[in-house]
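What the coordinates show
One-letter residues, chain by chain:
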Amino acid sequence: MTRQYFGTDGIRGEVGKFPIVPEFVMRLGYAAGQVLAKSSGHAKPTVLIGKDTRVSGYLLEAALESGFSAAGVDVMLCGPMPTPAIAYLTRALRLSAGVVISASHNPYHDNGIKFFSANGDKLDDAVELQIEAALNEPMSCVDSAHLGKAKRLDDAAGRYVEFCKSTFPNHLNLHGLKLVVDCAHGAAYHIAPHVFHELGAEVIAIGVQPNGKNINDGVGATSPKALIEKVKEEKADLGIALDGDADRLQLVDAQGRLFNGDELLYLIAKARKDAGESIPGVVGTLMTNMAVEKAIQAEGIQFERAKVGDRYVLEKLKENNWQLGGEGSGHLICLDKHTTGDGIVAALQVLSAMRQQHKTLAQLLEKISLFPQTLINVKFQAGYDWKSDSKMQAAITQAEKNLNGSGRVLIRPSGTEPLLRVMVEAKDAKQAQEQAEKIAQTIPV
């Protein structure tokens with residue numbers, strides 16, 4: 001069965017345009033509630049609803065709550081909370097499911113809905129398909145005696161702060177470190193600064209004045225310029241950038257150098273290996289820099305690539321029974337610490353490595369030199385099949401021959417537009433640019 005609404009990370013779109021409209025979201029709550037009522041082992045299913053700081057969160061939260069109540073499902077509301085916090089709290093409170101209202105790193109006029117299972121995992125494909133099937137049925141309502149009720153979870157923030165701190169070694173602290181923490185005016189604005197402060201760091205917080213419209217606007221993991229400037233201005237030891245729902249991480253060192261998820265994934269894996277842990281393998285994506293792949297393999301650790309998207313990284317980790325995976329965008333997964341990617345928890349893993357080895361971020365990553373990547377987006381004609389285009393395939397083959405094992409070619413169609421993404425990676429930036437352009441020129445536009 002083909003998905004009609006769910007993408008790789010829930011349902012997302014522009015607010016006011018289908019499907020991110022109150023009528024559909026209420027029906028979604030009802031449909032999900034019906035599926036949970038049938039499959040849940042609870043006499044009365046209960047779901048937790050969290051959101052980021054977008055102004056549309058109020059609208060969508062009310063619509064979801066109504067839908068769940070009509071299906072006879074109780075609701076707990078916790079207000080703005082990071083996406084990984086909802087995964088944790090759903091599991092810790094033994095609830096039937098968790099729901100996050102967020103569009104992650106997107107601008108404020110977008111929003112979305114994503115679900116977590118009772119175990120704090122993203123919903124199985126089969127369950128999402130059941131919800132989609134239920135969406136095609138007429139919406140009704142249970143009788144008044146069986147309507148769901150709603151209540152506030154007032155201590156959600158404190159519970160999650162303590163959980164994050166518990167993932168940092170008990171014998172270590174952050175005393176003497178000056179950190180700039182950028183919360184992107186998003187869901188972690190009242191969480192992240194407390195975590196790092198309570199572990200002993202001096203914290204300068206930016207991106208912590210959400211107004212409903214400024215989420216991810218010139219701040220956060222997708223716009224690190226503000227953090228780089230603040231780290232230099234404050235002469236801080238480190239800058240920590242989260243995105244709007246706090247599941248992505250980028251770091252900036254004292255010199256203002258930005259480190260992405262690829263580099264941090266390698267750092268975490270190597271630090272654990274150096275500490276004597278067994279690290280059988282690490283999962284990246286098709287976009288993971290080749291220099292990172294080679295560096296991880298040089299440590300005697302297996303490396304596998306998943307499709308782009310933290311959902312697919314997680315699937316491959318579970319398939320291989322491995323713990324560490326991530327993306328260059330900053331989704332970093334440590335399954336021994338949490339069931340999903342978590343920007344705060346990932347930052348604590350990096351800080352733990354720095355403390356244990358008494359090294360700076362740059363020193364821990366001095367052996368890594370990322371290969372330059374050139375990415376060209378090309379609009380193509382309707383009906384164009386690039387896999388059957390002999391001219392383009394010949395250009396790809398020639399480029400791979402020219403790279404001679406010291407680079408990669410990756411062609412990826414966009415999931416939402418008639419675009420082909422042509423990416424070439426090489427040790428030499430000029431070579432990457434030249435080979436990407438040669439391939440792009442073969443695409444009929």
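Read on for an overview of the structure. Just so it is clear, the structure is predicted and the values come from calculations on it, not from any experiment.

Evaluated as defined, the whole model comprises eight aromatic pairs. On the basis of an interplanar angle of 45° and a centroid distance of 6.5 Å, the ring pair of Tyr88 and Tyr160 is categorised as tilted. With Tyr88 in helix α3 (residues 83–92) and Tyr160 in helix α5 (residues 156–166), the pair connects residues that are 72 residues apart, well separated along the chain. We classify Tyr88 as buried; its relative accessible area is 18%.

With respect to the helices and strands, the residue Glu263 is situated in helix α8 (residues 261–274). At a separation of 3.0 Å, a polar atom in the side chain of Glu263 contacts the main-chain amide nitrogen of Asn260. Dropping the residues within four chain positions of it, Glu263 is found in contact with Arg257, Leu258, Val292, Leu365, Ile368 and Leu370.

Bringing the packing of α3 against α5 into the picture now. For the pair α3 and α5, the least separation of the axes is 10 Å and the interaxial angle reads 95°. Classified by the angle between their axes, α3 and α5 sit roughly perpendicular to one another. Taking contact as the criterion, the partners of Pro84, Ala85, Tyr88 and Leu89 in α3 are, on α5, Ala156, Arg159, Tyr160 and Phe163. When its residues are assigned to classes, the contact of α3 with α5 shows seven nonpolar, no polar and one charged.

It is worth spelling out the pairing of strand β18 (residues 419–426) at this point. In terms of burial, β18 is a largely internal element, seven of the eight residues being buried. Note: strand β16 (residues 373–379) against β18, seven bridges, orientation antiparallel. Across the sheet, residue Asn377 finds its bridge partner in β18, namely Arg421. Looking at chain direction, strand β17 (residues 407–413) and β18 are connected through seven bridges and run antiparallel. Bridge assignment links Arg408 to a residue of β18, and that residue is Glu425.

Of all hydrophobic cores here, the largest spans 70 residues; its most connected members are Leu179, Phe196, Ile240, Ile344, Leu351 and Leu361. Here Ile344 is in contact with Tyr160, Cys164, Ala188, Ile191, Ala192, Val195, Phe196, Leu242 and Ala246, once residues within four sequence places are set aside. If you look at the next biggest cluster of nonpolar residues, it comprises 33 residues, including Val47, Ile49, Val99 and Ile131.

A contiguous nonpolar surface patch, about 320 Å² in accessible area, is contributed by Val55, Tyr58 and Tyr108. By the element assignment, Tyr108 lies in the loop between β4 (97–101) and β5 (110–117).

Let us now look at helix α14 (residues 429–440). Taking 1.5 Å per residue, 12 residues should reach 16 Å; α14 reaches 17 Å between its end C-alpha atoms and fits that length. All of the buried residues along α14 are Ala432, Gln435, Ala436, Ile439 and Ala440. Taken end-on, α14 shows its buried residues confined to a sector of 135°, consistent with a single buried face. At the N-terminal boundary of α14, the capping side chain belongs to Asp428, with an oxygen 3.3 Å from the backbone nitrogen of Lys430.

Strand-to-strand pairing in sheets goes through backbone hydrogen bonds, with the strands running parallel or antiparallel. Across the sheet, which stays open at both edges, the three strands sit in the order β16-β18-β17 with antiparallel pairing between neighbours. What marks the edges here is a single partner per strand, and that holds for β16 and β17. The mean angle between the axes of side-by-side strands here comes to 15°, regardless of whether they run parallel or antiparallel. Packing of helix α13 (residues 390–403) onto the sheet brings it into contact with β17 and β18, and relative to β17 it is tilted by some 155°.

Next up on the list: the side chain of Gln349. Mapped onto the elements, Gln349 comes out in helix α11 (residues 343–357). Here Thr167 takes part through its backbone oxygen, which lies 3.4 Å from a polar atom of the side chain of Gln349. Of the polar contacts made by the side chain of Gln349, one reaches the side chain of Arg272; its length is 3.5 Å. Beyond its immediate chain neighbours, meaning those up to four positions away, Gln349 contacts Thr167, Ile268, Arg272, Cys334 and Lys337.

The five strands are arranged β8-β7-β9-β10-β11 in an open sheet whose pairing can be described as mixed. At either end of the open sheet lies a strand with only one pairing partner, and these are β8 (202–206) and β11 (258–259). Across five bridges, the pairing between strand β7 (residues 178–182) and β8 is parallel. Bridge assignment links Val180 to a residue of β8, and that residue is Ile204. Its contacts with the sheet put α11 on β7, β9 (238–242) and β10 (249–253), and the angle it makes with β9 is roughly 160°.

Further remarks concern the packing of α8 against α11. Across the interface, α8 lies against α11 with an axial gap of 10 Å and an inter-helix angle of 50°. Relative to α11, the element α8 lies oblique. Where α8 crosses over α11, the handedness of that crossing is left-handed. Contacts between α8 and α11 involve Leu264, Leu267, Ile268, Ala271, Arg272 and Asp274 from the first element and Ala346, Gln349, Val350, Ala353 and Gln357 from the second. Class assignment for the residues of the contact of α8 with α11 results in seven nonpolar, two polar and two charged.

This part is about the state of the cysteines. Going through the model one piece at a time under the given rule, you end up with zero disulfides. Not part of a disulfide, Cys78 finds its nearest cysteine sulfur in Cys164, a span of 13 Å. Residue class for Cys78 comes out buried when judged on its relative accessible area of 13%. Among the cysteines around Cys164, which has no disulfide bond, Cys183 carries the closest sulfur, lying 11 Å off.

The next thing to look at is α5. Three or more residues of α5 are buried, namely Ala156, Tyr160, Val161, Phe163, Cys164 and Lys165. Where α5 is buried, its residues touch β3 (74–80), α3, α6 (192–198) and α11.

Calculation criteria
- Numbering of residues starts from 1 in each chain and follows the order in which that chain's sequence is written.
- Local features in this predicted model are restricted to residues whose pLDDT is 70 or higher, and side-chain atom pairs enter the listing and the counts only when it is 80 or higher, whereas totals over whole chains, interfaces and linings include all residues.
- The basis for the side-chain values is all heavy atoms of the structure; hydrogens and waters are excluded.
- Aromatic rings from Phe, Tyr and Trp, with only the six-membered ring used for Trp, were paired whenever their centres fell within 6.5 Å, and each pair was classed as stacked if the ring planes differed by under 30 degrees, edge-to-face if by over 60, and tilted otherwise.
- Secondary structure elements are taken from DSSP: a helix is a run of H or I of four residues or more, a strand is a run of E of two residues or more, and numbering for both begins at the N terminus.
- Classification of residues uses two cut-offs on accessible area relative to the type maximum, computed with a 1.4 Å probe and protein chains only: under 20% is buried, over 50% is exposed, and between them is partly exposed.
- We call two N or O atoms a polar contact when they sit within 3.5 Å, provided that within protein one can donate a hydrogen and the other can accept it, with sequence-adjacent residues counted only if both atoms are side-chain atoms.
- The contact definition used throughout considers only heavy atoms, calling two residues in contact when any of these lie within 4.5 Å.
- A fitted line through C-alpha atoms serves as each axis, taken over the contacting stretch for helices, and the angle formed by two N-to-C directions is quoted from 0 to 180°.
- Roughly parallel means an angle under 35 degrees; roughly antiparallel, over 145; roughly perpendicular, 65 to 115; everything else is oblique.
- Charged means Asp, Glu, Lys or Arg here, nonpolar means Ala, Val, Leu, Ile, Met, Phe, Trp, Tyr, Cys or Pro, and polar covers whatever is left, Gly included.
- Between any two strands, at least two bridges found by DSSP are needed for them to pair.
- Note on terminology: a nonpolar core comprises buried Ala, Val, Leu, Ile, Met, Phe, Trp, Tyr and Cys residues joined through side-chain atoms within 4.5 Å.
- Residues forming no salt bridge and having over 30% relative accessible area are the ones grouped into patches, like charges within 9 Å of each other and nonpolar side chains (Val, Leu, Ile, Met, Phe, Trp, Tyr) within 5 Å.
- Each accessible area is a Shrake-Rupley result for a 1.4 Å probe, and residues are judged covered by the shown protein chains and nothing else.
- Any carboxyl oxygen of Asp or Glu that lies within 4 Å of a side-chain nitrogen of Lys or Arg is treated as forming a salt bridge with it.
- Any helix carries an expected span of 1.5 Å times its number of residues minus one.
- In this description, the arc belongs to the directions extending from the helix axis to the C-beta atoms.
- Helix crossings are classified by the rotation of the near helix relative to the far one: an anticlockwise turn of less than a right angle makes the crossing left-handed, while a clockwise turn makes it right-handed.
- To count as a disulfide, a pair of cysteine sulfur atoms needs to be within 2.5 Å.

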